[in-house]
Amino acid sequence: MKIAITGSAGLFGHGLVQVISKRHNVLAMGRPEADITKFDEVRTAILKFRPEVVIHAAAIPSPDACEADPAQAYLVNVHGTRHVVEAANEVGAGVAYISSDAVFDGETQTPYVESDPTIPPTVYGRTKLRSEHLVAALPRHWIFRVSVLFGPGKANFIEKGLRAMAAGEPYVVASDQVGSTLYTLDGAAKILEVIESGRCGLYHLSNRGTCSRYELAKYAAEKTGVDLSKLVGIPSDQMGRRAKRLKYAVMEMRALKDAGFSLPGPWPAALDAYLQTLLPL
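Residues numbered from 1 in each chain as written. Predicted model: local features only at pLDDT ≥ 70, side-chain atom pairs only at ≥ 80, totals over all residues. Heavy atoms only, no water.

> When you look at the environment of I46 in this model, what are you seeing that I'm missing?
Within the secondary structure, I46 is located in helix α2 (residues 39–49). Apart from residues lying up to four places away in sequence, I46 is in contact with A4, M29, P51, V54, A87, A88 and V91. (Helix = DSSP H or I, 4+ residues; strand = E, 2+ residues; numbered from the N terminus. Contact = heavy atoms within 4.5 Å.)

> Help me understand the sheet that holds strand β8 (residues 178–179) in this model?
The pairing of strands in a sheet comes from backbone hydrogen bonds and takes either a parallel or an antiparallel form. If you walk across this open sheet you meet the three strands as β11-β8-β13, and the pairing is mixed. In this open sheet, the two edge strands, each paired with only one partner strand, are β11 (211–212) and β13 (248–249). Here β8 runs beside β13; their pairing, made up of two bridges, is parallel. Residue pairing for β13: G179 is matched across the bridge by A249. (Pairing = 2+ DSSP bridges.)

> Could you clarify how one ought to interpret the packing of helix α8 (residues 213–224) against helix α10 (residues 267–278) in this entry?
Helix-helix packing is characterised by the crossing angle of the two axes and by the distance between the axes. Where α8 contacts α10, the axes come no closer than 11 Å and their chain directions differ by 50°. One finds that α8 runs oblique with respect to α10. In this structure, α8 meets α10 at a crossing whose hand is right-handed. On the side of α8, the interface is formed by E215, L216, Y219, A220, K223 and T224, while α10 contributes W267, P268, L271, D272 and L275. A per-class count over the contact of α8 with α10 returns seven nonpolar, one polar and three charged. (Axes fitted to C-alpha atoms, helices over the stretch in contact; angles between N-to-C directions. Parallel < 35°, antiparallel > 145°, perpendicular 65-115°, else oblique. Left-handed = near helix turned anticlockwise from the far one by under 90°. Nonpolar A, V, L, I, M, F, W, Y, C, P; charged D, E, K, R; others polar.)

> Help me out: how do you make sense of the pairing of strand β4 (residues 94–100) in this one?
Consecutive residues of a regular strand have side chains that alternate between opposite faces of the sheet. Counted residue by residue, β4 has seven buried out of seven residues, so it is predominantly covered. Both faces of β4 are covered, namely the face carrying G94, A96, I98 and S100 and the face carrying V95, Y97 and S99. Across four bridges, the pairing between strand β3 (residues 53–56) and β4 is parallel. If you follow V53 over to β4, its bridge partner there is G94. (Buried < 20%, exposed > 50% of the residue type's maximum accessible area, 1.4 Å probe, protein only.)

> It is not clear to me how the packing of aromatic side chains should be interpreted in this structure. Could you clarify?
Within a pair of aromatic rings, the relevant descriptors are the distance that separates the centres and the angle that separates the planes. A complete count under the given rule lists eight aromatic pairs for this structure. With centroids separated by 4.1 Å and ring planes inclined at 10°, the aromatic side chains of F104 and Y112 adopt a geometry described as stacked. One aromatic cluster in this structure is built from F144, Y203 and F261. (Phe/Tyr/Trp six-rings, centres within 6.5 Å; stacked < 30°, edge-to-face > 60°.)

> Got a minute to help me understand helix α4 (residues 70–90) in this structure?
Think of an α-helix as turning once every 3.6 residues; residues three or four places apart then point the same way. With 21 residues, α4 extends 29 Å from end C-alpha to end C-alpha; this agrees with the ideal 30 Å at 1.5 Å per step. For α4, the full list of buried residues reads A73, V76, N77, V78, G80, T81, H83, V84, V85, A87 and A88. For α4, the elements touching its buried residues are β1 (2–6), α2, β3, α3 (63–68), β4 and α5 (123–136). Looking one or two residues beyond α4, the residue adopting positive phi is G92, at roughly 75°. (Expected span 1.5 Å × (residues − 1).)

> Just to check I follow, could you spell out the pattern of salt bridges for this structure?
Where charged atoms from two side chains of opposite charge approach closely, those side chains can pair. Taken as a whole, this structure holds 12 salt bridges when the rule is applied. For R23, the salt bridge identified is with E196, shortest N-O distance 3.0 Å. Residue R23 is found in the loop between α1 (11–20) and β2 (25–29), and its partner E196 is found in helix α7 (residues 184–197); the two are separated by 173 residues along the sequence. The class for R23 is exposed, based on a relative accessible area of 58%. Measuring nitrogen to oxygen at the nearest pair gives 3.6 Å for the salt bridge that ties E252 to K257. By relative accessible area, K257 is classed as partly exposed at 42%. (Salt bridge = Lys/Arg side-chain N within 4 Å of Asp/Glu carboxyl O.)

> Got a minute to help me understand the packing of α1 against α7 in this structure?
Close contact between α1 and α7 brings their axes to 8 Å; oriented N to C, the two are set at 55°. The angle between α1 and α7 falls in the class oblique. Our pair here, α1 against α7, has a crossing hand that is right-handed. Across the interface between the two elements, L11, F12, G15, L16, Q18, V19 and I20 from α1 touch T184, L185, G187, A188, A189, I191 and L192 from α7. Of the residues contributing to the contact of α1 with α7, the split by class is 10 nonpolar, four polar and no charged.

Following this line, the structure appears as structure tokens:
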């Protein structure tokens, strides 16, 4: 199968390319190959490669950056998605979109299922929801909502924290943000499995289990032996960030289970596997 992957230089894009290129013919579409804000560039790349599926992972992933510049957020996250959808539709390709738990409001205390109301409180969340609607209009589409990511290829929440603490610097994380997390290589493998099955639809995707951001960072610190005293947990609303963070963003993977797919492994085992790729710090 020919599969194009946008955002290939990003954290999830890197994992998608690493996993999927082992089994399929992949076009890694970073900005040098096609700037998604420019339709002509996207269309040219898609028409030349003629993929059967486009996995659209490119986006501005920072909620704070989106809140600071909504126009740029909509240009990249929404209009960029529209360009990908239109170009893919022209060649008859399906689109798999990497969405986010940020489409929810974080005000519940029970895991979100795919059919729950979406009420995003941030610019970032609203751009992801708008993009979901664009992708869902295609006859062949997949939407994968993911949460905080960790994986090889690009600095992320876990690596930044460990390197800061290893250097003797404090690392401040939210103590009250509870949610799901996903190892990019596990996520990429499951996305490929779903795409290969042909079972289109909306899916929540994470490693099993829940944790706070603090618990995630603490586990990584304990496993790698860095100075745990440098880890500081404080409430998210005291961190001085532009965008509101969801206090509760646990996602139940009901659609995957109902479709007969196995679920990714538990997050501690996934984090153990990732940490092996980082050592020594």
